[in-house]
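Listed below are the residues making up each chain.
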Amino acid sequence: MIKTAFVVALLAGAVSSQQSILETAKKDGRFKTLVTALGKSNAIKTLAGKGPFTVFAPTDEAFAKLDQKVIGDLLKKRNQATLDNILTYHVAAGDYRAADVVTRSGLAMANGQRLAINVHGKTVRVDRAQLVITDVACTNGVIHVIDSVLMPETRALPEIANGRYFGTLLAAVKAAGLLETLAGNGPFTILAPTDQAFAKLPKGTVANCKQSSSTTSSLGAFLRHKQSLQDGPRPCWGRASTSK
């Protein structure tokens, strides 16, 4: 509790605006690139609503960290879907002030992914971006200013599970003939046991599952339940919507 209060006090930069999120961003002058991108994106329709919304807003300096050719390409009409995905990854439904943000491990974003929140001493990060100003209150929500552009996950579930933490699960998915399904558009939510979790099963259980056709069939039915991928160092939130 003391730590939370300290972090909130540290981040305190509360500003009240009698304008909407879009109007505030336009008037501020530090979000010219963000405002331009929103004008090219369907995300502007979301933020034009009553809300409330919480926006993690990258400054022009944050956008300047990216390759400017990439930004130019994103603003082209043919890449609007990608731009929409990136911008809606900066927006959460609801009014989450700094005092609430620092108590959470993550937020569900408008693009369907989960934004991870980490507090380390005096630093608060959302994904890989640092909060630099918080609680800019607007008529339809709140803005928190960040120092980097947030990039949503673009890989499918099997690509992310293909690491040292989910090797056994991935092998089971392949054995059950579900690899192609989980590589599809989804959306899917999977409760994913790690290799360490599988190691808790009685000896020989996993091997028997892979060899038995009846067991593999049962395994396939079990794995078809759509739940939430978690228990890893960087889980795939890309195809799931998760709150706290």
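Conventions and cut-offs
- Residues numbered from 1 in each chain as written.
- Predicted model: local features only at pLDDT ≥ 70, side-chain atom pairs only at ≥ 80, totals over all residues.
- Heavy atoms only, no water.
- Core = buried A, V, L, I, M, F, W, Y, C linked by side-chain atoms within 4.5 Å.
- Buried < 20%, exposed > 50% of the residue type's maximum accessible area, 1.4 Å probe, protein only.
- Helix = DSSP H or I, 4+ residues; strand = E, 2+ residues; numbered from the N terminus.
- Contact = heavy atoms within 4.5 Å.
- 1 Å grid on protein atoms, 1.4 Å probe; cavity = no way out; pocket = protein on both sides within 12 Å on 5 of 7 lines; lining within 4 Å.
- Points joined across faces, edges and corners; volume = space filled by probe spheres on them.
- Nonpolar A, V, L, I, M, F, W, Y, C, P; charged D, E, K, R; others polar.
- Salt bridge = Lys/Arg side-chain N within 4 Å of Asp/Glu carboxyl O.
- pLDDT = per-residue confidence, 0-100.

A few points about the nonpolar core
And step 1. Membership of the largest hydrophobic core comes to 24 residues, with the highest contact counts inside it found for Leu34, Leu38, Leu47, Leu87 and Ile143.
And step 2. Of all the secondary-structure elements, those providing two or more residues to this core are helix 2 (21-28), helix 3 (32-39), helix 4 (43-47), strand 2 (53-58), helix 6 (68-74), helix 7 (80-88), strand 7 (129-138) and strand 8 (141-146).
And step 3. Leave out the neighbours within four places in its chain, and leucine 34 touches Ala57, Pro58, Asp60, Phe63 and Leu87.

Here's the deal with empty space enclosed by the protein
And step 1. Under the definition given, this model contains four cavities of 30 Å³ or more.
And step 2. By volume, the second largest cavity amounts to about 80 Å³.
And step 3. Taken together, Thr33, Ala37, Phe63, Leu66, Ile71, Leu74, Leu75, Leu83, Ile86, Leu87, Val149 and Met151 form the lining of the second largest cavity.
And step 4. Elements with a contribution of two residues or more to the lining of the second largest cavity: helix 3, helix 6 and helix 7.
And step 5. With three residues, helix 7 is the largest single contributor of residues to the lining of the second largest cavity.
And step 6. Looking at the lining of the second largest cavity residue by residue, the class counts come to eleven nonpolar, one polar and no charged.

Section: unusual backbone geometry
And step 1. Looking along the chain, the bond that leaves glycine 51 and enters proline 52 is cis, with omega of 10 degrees.
And step 2. By secondary structure assignment, the location of proline 52 is in the loop between helix 4 and strand 2.
And step 3. Positive phi values are uncommon outside glycine, yet aspartate 127 reaches one of about 55 degrees.
And step 4. Residue position: aspartate 127 is located in the loop between strand 6 (123-126) and strand 7.
And step 5. Located in the positive-phi region is aspartate 135, a residue other than glycine, with phi close to 60 degrees.
And step 6. As for its placement among the helices and strands, aspartate 135 is situated in strand 7.

So, the pattern of salt bridges
And step 1. The tally for this structure, following the rule as stated, stands at five salt bridges.
And step 2. Where arginine 30 meets aspartate 28, a salt bridge forms, and the shortest distance between an N and an O atom there is 2.6 Å.
And step 3. A residue is classified by how much of its surface remains accessible, and arginine 30, at 38% relative accessible area, is partly exposed.
And step 4. Taking the shortest distance from any N to any O, the salt bridge between lysine 76 and aspartate 73 comes out at 3.3 Å.
And step 5. Its relative accessible area of 38% is what places lysine 76 among the partly exposed residues.
And step 6. Since its relative accessible area comes to 33%, aspartate 73 is described here as partly exposed.

Some thoughts on the confidence of the model for the protein
And step 1. Across the protein, pLDDT averages 78, with 70% of residues at or above 70.
And step 2. At the low end of the mean pLDDT range in the protein sits helix 1 (residues 2-11), at 43; at the high end sits strand 2, at 98.
And step 3. In the predicted structure, residues 1-12 sits below a pLDDT of 50 and forms 18 contacts with residues beyond four places in sequence or in another chain.

Concerning helix 7
And step 1. Where helix 7 is concerned, the buried positions are Gln80, Leu83, Asp84, Ile86, Leu87 and Thr88.
And step 2. Contacts made by the buried residues of helix 7 are with helix 3, helix 4, helix 6 and strand 3 (91-93).

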